[in-house]
Amino acid sequence: MSGLLEPTLYIIKGIAILDNDGNRLLAKYYDPSIFSGVKEERKFEKNLFQKTHRANAEVIMLDRLTCVYRSNVDLFFYVMGMSYENELILVSVLSCLYDAVSAILRKNVEKRALLDNLDLIMLAMDEICDGGIPLETDPQVVSQRVALRMEESPFNDQTVTQVLQSAREQLKWSLLK
Amino acid sequence: MIGSFKQIKKDEEDGGGNPYHSTDKTSVLQEARVFNETPVNVKRSTHVLTKILYLLNQGETLATKEATDAFFAMTKLFQSNDLVLRRLVYLGIKELCNIAEDTIIVTSSLTKDMTGREDQYRAPSIRALCRITDASMMQAIDRYMKQAIVDRAPGVSSAALVSCRHILKESPEVVKRWVSEVQEALSSDCVMVQFHALGVLHQLRKSDKLAVTKLVSKLTSSSLRSPYAICLLIRIVARLIEEDEIGYDSRLSDFLESMLRHKAEMVTYEAANAIVTLKRSSARDLPPAISVLQLFLSSPKPTLRFAAVRTLSKVAMTHPNAVTACNLDLENLIQDVNRSIATLAITTLLKTGSEGSVDRLMKSISSFLNDISDEFKIVVVEALRSLALKYPRKQAVLMGQLADMLRSEGGLPYKEAIASTIITIIEDNPEAKEKGLDHLCEFIEDCEHTTLAVRIIHLLGREGPRTRQPSRYIRFVYNRVILENAAVRAAAVSVLAKFGAQCEGLLPNILVLLQRCMMDTEDEVRDRATYYHAILATRDSTLIHRYILNPPQFALPSLERALVQYLQSPAVEPFETRMEERVVPTHEKYAEQLSAIPQFAHLGPLFKSSTPVELTEAETEYMVRCIKHTFQNHIVLQFDCTNTLNDQLLESVSVVVDGEGWVVQTSLPCASLPYSQPGSCYILLPIPEDIMSTTGTLSATLKFTVRDCDPATGEPDTDEGYEDDYTLEDVEITVADHVQRAARSNFAAGWEELGATNELEDTFALSAMSTLEEAVTQITQFLGMHPCDRSDRIPEGKSSHTLYLAGTYRGGHEVLVRAKLALADGVTMQLTVRSDDPEVSEVIASAVG
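Residues numbered from 1 in each chain as written. Chains lettered and ligands numbered in written order. Predicted model: local features only at pLDDT ≥ 70, side-chain atom pairs only at ≥ 80, totals over all residues. Heavy atoms only, no water.

Here we take up the overall build of chain B. The helix and strand inventory of chain B stands at 37 helices and 17 strands. Taking as baseline every contact in chain B between residues at least 6 positions apart, the subset at least 24 positions apart corresponds to 64%. Approximately 39,800 Å² of chain B is accessible, and the part contributed by carbon and sulfur atoms is 51%. (Helix = DSSP H or I, 4+ residues; strand = E, 2+ residues; numbered from the N terminus. Contact = heavy atoms within 4.5 Å. Areas by Shrake-Rupley, 256 points an atom, 1.4 Å probe, with all protein chains shown as cover.)

Let us now look at the overall build of chain A. Broken down by element type, chain A carries seven helices and seven strands. For chain A, the α and β elements follow one another from N to C terminus as β-β-α-β-β-β-α-α-α-β-β-α-α-α. Across the 177 residues in chain A, those meeting the buried criterion constitute 58%. Long-range contacts, defined here as pairs at least 24 residues apart, represent 51% of the contacts in chain A between residues at least 6 apart. Entry remark: accessible area of chain A is about 7,800 Å², with carbon and sulfur atoms responsible for 51%. (Buried < 20%, exposed > 50% of the residue type's maximum accessible area, 1.4 Å probe, protein only.)

The subject of this paragraph is the confidence of the model for chain B. All names here are of chain B. When pLDDT is averaged along chain B, the result is 83, and 95% of the positions lie at 70 or above. Within chain B, no element has a lower average pLDDT than helix 1 (residues 2-15), which sits at 46, and none a higher one than helix 12 (residues 191-205), at 93. Segment residues 579-584 is flagged for pLDDT under 50; beyond a separation of four residues in sequence, or across chains, it makes 31 contacts in the model. Two summary scores accompany this predicted model of the complex, namely pTM at 0.63 and ipTM at 0.84. (pLDDT = per-residue confidence, 0-100.)

Let us look at the sheet that holds strand 1 (residues 14-19) of chain A. The strand order across the open sheet formed by five strands is 2-1-5-4-3 (chain A), and the pairing between neighbours is antiparallel. Each having just a single partner strand, strand 2 (24-29) and strand 3 (59-62) of chain A make up the two edges of the open sheet. Direction aside, the axes of adjacent strands within the sheet are offset by 20° on average. Bridge analysis of strand 1 of chain A against strand 5 (residues 75-82) of chain A gives six bridges, and the strand direction is antiparallel. Note that in strand 5 of chain A the partner of A:Gly14 across the bridge is A:Met80. Of the strands in this sheet, strand 1, strand 3, strand 4 (65-72) and strand 5 of chain A are in contact with helix 2 (residues 87-104) of chain A, which crosses strand 4 of chain A at around 30°. The strands that helix 18 (residues 302-318) of chain B touches are strand 3 and strand 4 of chain A; relative to strand 3 of chain A, the one it contacts most, it runs at about 45°. (Pairing = 2+ DSSP bridges. Axes fitted to C-alpha atoms, helices over the stretch in contact; angles between N-to-C directions.)

Residues and elements named next belong to chain B. Taken together, the buried positions of helix 6 (residues 107-115) are Thr 107, Leu 110, Thr 111, Asp 113 and Met 114. The arc that holds every buried residue of helix 6, seen down its axis, measures 160°, which confines them to one face. More than 90 degrees from the buried face of helix 6, the exposed residues found are Ser 108 and Lys 112. Contacts from the buried residues of helix 6 go to helix 5 (83-96), helix 7 (119-132) and helix 8 (135-149). (Arc of directions from axis to C-beta.)

For the rest of this paragraph, the subject is the state of the cysteines. All names here are of chain B. Evaluation of the coordinates by the stated rule reveals zero disulfides over all chains. No disulfide involves Cys 164; its sulfur sits 7.1 Å from that of Cys 130, the nearest cysteine. Under the relative-accessibility criterion, Cys 164 is labelled buried at 0%. (Disulfide = S-S within 2.5 Å.)

The next point concerns a negative patch on the surface. Residues and elements named next belong to chain B. Residues Asp 647, Asp 708, Asp 710, Glu 715 and Asp 717 make up a contiguous surface patch of negative charge. Positionally, Asp 647 belongs in the loop between strand 4 (634-643) and strand 5 (648-658). Residue Asp 647 is classed as partly exposed on the basis of its relative accessible area, which comes to 35%. (Patch = residues over 30% accessible without salt bridge, like charges linked within 9 Å, V, L, I, M, F, W, Y side chains within 5 Å. Salt bridge = Lys/Arg side-chain N within 4 Å of Asp/Glu carboxyl O. Lys, Arg positive; Asp, Glu negative; His and termini not counted. Charge placed at Lys NZ, Arg CZ, Asp CG, Glu CD.)

Moving on, we get to the side chain of A:Ser143. All names here are of chain A. Tracing the chain through its elements places Ser 143 in helix 5 (residues 139-146). On the basis of relative accessibility, which here comes to 11%, the residue Ser 143 falls in the buried class. Excluding residues within four positions of it along the chain, Ser 143 makes contact with Ala 100, Ala 103 and Ile 104.

Here we take up the side chain of B:Arg480. All names here are of chain B. With respect to the helices and strands, Arg 480 occurs in helix 28 (residues 471-483). The exposure class of Arg 480 is buried, given its relative accessible area of 1%. Excluding residues within four positions of it along the chain, Arg 480 makes contact with Ile 444, Glu 445, Ile 457, Val 488, Arg 489 and Ala 492.

All right, on to the interface of chain B and chain A then. Each partner contributes to the interface: chain B provides 67 residues, whereas chain A provides 61 residues. For the chain B and chain A pair, buried surface summed over both sides reaches about 5,600 Å², with 58% attributable to carbon and sulfur atoms. Inspection of the region where chain B meets chain A yields 11 salt bridges. Across the pair A:Lys28 and B:Glu95 runs a salt bridge whose closest N-O atoms are separated by 2.9 Å. (Buried area = accessible area lost by both parts, 1.4 Å probe.)

Turning our attention to a nonpolar patch on the surface. Residues and elements named next belong to chain B. On the surface, Tyr 531, Leu 543 and Tyr 547 cluster together into a nonpolar patch covering about 250 Å² of accessible area. Relative to the assigned elements, Tyr 531 resides in helix 31 (residues 523-538). On the accessibility criterion, Tyr 531 (39% relative accessible area) is partly exposed.

What follows covers the pairing of strand 5 of chain A. Residues and elements named next belong to chain A. Along strand 5, seven of the eight residues are buried, which leaves the element largely enclosed by surrounding structure. Inspection of the sheet shows strand 4 paired to strand 5 by eight bridges, in the antiparallel sense. Of the residues in strand 5, the one forming a bridge with Leu 65 is Met 82. The hairpin formed by strand 4 and strand 5 contains two residues between the paired strands, and Val 73 there has a positive phi angle of roughly 45°.

Take the packing of helix 16 (residues 265-277) of chain B against helix 17 (residues 286-297) of chain B next. Residue and element names in this part refer to chain B. Following both chains from N to C, one finds helix 16 and helix 17 inclined at 135°, their axes separated by 9 Å at the closest point. Here helix 16 is positioned oblique relative to helix 17, judged by the angle of their axes. Seen along the crossing, helix 16 lies across helix 17 with a hand that is left-handed. When helix 16 is examined against helix 17, the residues Glu 265, Thr 268, Tyr 269, Ala 272, Ile 275 and Val 276 are found in contact with a partner set consisting of Leu 286, Ala 289, Ile 290, Val 292, Leu 293 and Phe 296. Along the lines of polarity and charge, the residues of the contact of helix 16 with helix 17 split into 10 nonpolar, one polar and one charged. (Parallel < 35°, antiparallel > 145°, perpendicular 65-115°, else oblique. Left-handed = near helix turned anticlockwise from the far one by under 90°. Nonpolar A, V, L, I, M, F, W, Y, C, P; charged D, E, K, R; others polar.)

Residues and elements named next belong to chain B. Residues Leu 198 and Leu 536 are the most contacted members of the largest nonpolar core, which totals 250 residues. Once residues lying within four places of it in the same chain are set aside, the contact partners of Leu 536 are Ala 497, Gly 500, Ala 501, Leu 507, Ile 510, Leu 511, Leu 514, Ile 544 and Ile 548. If you look at the next biggest cluster of nonpolar residues, it comprises 29 residues, including Ile 691, Val 735, Leu 803 and Met 829. (Core = buried A, V, L, I, M, F, W, Y, C linked by side-chain atoms within 4.5 Å.)

For the rest of this paragraph, the subject is the packing of aromatic side chains. Under the criterion given, the structure shown has 13 aromatic pairs over all chains. Taking 5.7 Å as the distance between ring centres and 50° as the angle between the ring planes, the aromatic pair formed by B:Phe195 and B:Tyr228 counts as tilted. Of this pair, B:Phe195 sits in helix 12 while B:Tyr228 sits in helix 14 (residues 227-243); the two residues are 33 residues apart in sequence, bridging distant segments of the chain. Taken together, the aromatic side chains of A:Tyr29, A:Phe35 and A:Phe44 make up a single cluster linked through ring pairs. Positioned above the aromatic ring of A:Tyr98 is the side chain of A:Arg70, whose terminal nitrogen or guanidinium carbon lies 3.8 Å from the ring centre. Taking the ring centre of B:Phe476 as reference, the NZ or CZ of B:Arg475 above it sits at 4.6 Å. (Phe/Tyr/Trp six-rings, centres within 6.5 Å; stacked < 30°, edge-to-face > 60°. Lys NZ or Arg CZ within 6 Å of the ring centre and 35° of its normal.)

Here the idea is simple: oppositely charged side chains can pair when their charged atoms come close. Evaluation of the coordinates by the stated rule reveals 46 salt bridges over all chains. Note that A:Glu45 is salt-bridged to A:Arg24, the shortest N-O span being 3.0 Å. Placement of A:Glu45 in helix 1 (residues 38-52) and of A:Arg24 in strand 2 is noted, with a sequence separation of 21 residues between them. Here the two residues A:Glu45 and A:Arg24 agree in accessibility, since each one is buried. Beyond isolated ion pairs, a larger network of salt bridges with shared partners links A:Asp126, A:Glu127, A:Asp130, A:Glu136, A:Arg145, B:Arg87, B:Lys94, B:Arg127 and B:Arg131.

Here the focus is the pairing of strand 8 (residues 679-686) of chain B. Residues and elements named next belong to chain B. For strand 8, the tally of buried residues reaches six of eight residues, placing the bulk of the element in the interior. When strand 4 meets strand 8, the two strands line up antiparallel, connected through eight bridges. Counted as the bridge partner of Phe 639 is Cys 681 from strand 8. Pairing of strand 6 (residues 666-668) with strand 8 involves three bridges; the strand directions are antiparallel. By the bridge assignment for strand 8, Leu 668 is matched with Tyr 682.

Attention now goes to the packing of helix 9 (residues 154-170) of chain B against helix 12 of chain B. Residue and element names in this part refer to chain B. With their axes 9 Å apart at the nearest point, helix 9 and helix 12 run at an angle of 25° to one another. When the axis of helix 9 is compared with that of helix 12, the two are roughly parallel. Of the two elements, helix 9 crosses helix 12, and the hand of that crossing is left-handed. The residues of helix 12 that touch helix 9, namely those facing Pro 154, Ser 157, Ser 158, Leu 161, Val 162, Cys 164, Arg 165 and Leu 168, are Met 192, Val 193, His 196, Ala 197, Gly 199, Val 200, Gln 203 and Leu 204. A per-class count over the contact of helix 9 with helix 12 returns 10 nonpolar, five polar and one charged.

Structure, rendered in structure tokens:
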């Protein structure tokens, strides 16, 4: 092996979203040669969480994988590639994941909100990566592709407090911009 | 009431507010019945389907029946037109298609979605469809795929291309039909489409180098818009440059260099990484790439710093000088919040820095070593190892650091890396030996890894007895016998015996210790203790040498074969093992082949097989290689022949050899040798009685009958052939053919044991050799013996060296050779040979002259 990178579309080895105890909320691994089963995957996730939950340092090498990560409140987002993968490509996928999730959850990137919209988050992950190939890296495109229902009838099953809450959020964000 | 309240509270704590936490498989699959309602209950169905997908994602496995049922229930949901629900169904199809049966049933629904008007359906339905369709069904959707690849909506086009790439793994011929569409997609405006199209196109043409070259030269001159596609192109170009041996196109490296100035960081990094990784990059090509990486070092983005420093640390291994320019920036990174970056910065500095900076760097390493992952700790250890070899004077500092690291927390690979680094230092520098052994002794006092403990104890047995004060190690070793598990105890017992064998003064004490070990609960430990005690108690130095210091090392398959042969023979004398003391079991294969030939069955056990020697030039009409098999009194020459002419069939192929003193006893021709199918013929030669004439040169000629044949079918045209011959290069029978390599774990002990009775000594001037390394390799090869005590490795910068070789001469005679080499205008060698047979000593000594 010469150390040159393989010219391949299969760049992503895994994507994971963990909660603040290191438990898996959603995770997908695209290369069966890396982990032999769910048990190994979980062990890796625990280990990964251990090493990353304290320092927000964005990148780590673990178990022959390069992992880029980002966290907010009680959520941890990870994108993994081979140990010599171009980290900047991985980061672009990670930011797409994070920004798309953030758009779907209307900037409320928290575990509770994520679980309430789990269906849309699953669709978003599917739009971002297909079997290890980055499918789309523009968060706007991704969130548009999955978040249709909310555009159609934004308030159909929200309580009054939730509506007020999101209105306040949006107001706040528009002021910040 | 209170009980249920507690229950709820507990759930809350366990689940951490996760509504999916308590979902279990059986109940969810029950709930899936809701899919059958008409009209579809969108809200509930979405919820249940999400639960199923969540469970699958958590690693829950479904049985085939369960999956199939869920799958079929899910197909009912195609009746609803809710966008989210429909797309969850696609996800469900993809997740379940590998477990469920008869998934092909949804093909028509998916095809309808894929060709429909709703863009939101088209893209994901293509991806789902391609997942469940096999090559035979592809025909049906061929036309739709072609349209989808060039679709105006980028999402649809990307989905089709990505699916193409997946299909390529199974059935490339299907995708080959769509190549012109893929080519069209390559000029798309959308970044992702361009990337996907290039990936598919390259995969299609990968095996055709000319096509790849064409593709590359087209793309490097046009400008791709997508940074992802450019990264991919850079990798393709780098591959091309690396593989191209001669016709190296400078336009390719110009392209790489121009990409260093691209506006996307992703691309500049990819280009810089490619340039520094390319083997053909010389020190002159590196600076532009290095300065790009240097710029990244001070970036506010951690990933960018990480990528840059990781790449630089790689460069530092091969071109440390090129990286020196970045030293200042690297120093700044030592304090980086990301420990991985800091570690890589330090290890890079260790490789590029000067001797003076070592102490300072070591101090900063120890400050954060506990915060980084084992992977990085190993990187640090590797850096320390190379540093120790580079600056011997700093070994004391480094050794201290390593000992500290050995005491701290860490997994087996990490501890192993440290231990082997210490061992390397010990071997490299005799002065560091005792210090290093002390650290290791201390470590095994509290070592949880059995393999590592055994390895270190073994090392103590090898090095300990030769130190100034062997007695101090005994305590450490015997502590293991008291405290450890069986494997370590057994190793410790063997090591105690080694101390006893080599240190006269300690022998009485060792015997007491061994006696105590005989009470052990483990069979293996008891057996070893009893065995060693019995041998040591005799105080017979020959026995001790033979069974403790240089124990026989058998190749087990050979030993087994010899025992079987012995049992079948009517012999009454005891079984002789010495013939089987071998380190190379590679001739096992040959032994089997030869014993299957009846003419060679009486020859006895195979002693040695040489490596194949080519008797023809490469790419001639006939190719012949010779392998020499040595037996007790015979040599069998095996000729592997290949006929490279497709219009000839060779018959009765044999080799005729001729040489003084050598008489052919049997010749076994090869009956037929068709084009390109290798065949073998054999010659059996008795070895001359006179031991001094057992080497020589034989001229060889290939003789055969030619029959012309049809190149296409290989059928001969004529019934009658004509005779022909072909001159081969000479076959040399050398001393090495009579000598088998033998391992001696303790050369000095073996040397003393053989004694000076049959010693011969001579001095030679090897004027043709200019370095000691060359001399060592040549002598070792020439005599066919095994270098002992690592004497084949020469410390750098030395002008004299002693090489120790051990071997077994045909007939089971032990031979040891000591060659003292000195470098002065060529190499001067004083050769001393000891053996248990005076004639053998003479043969070996005279062979060199």
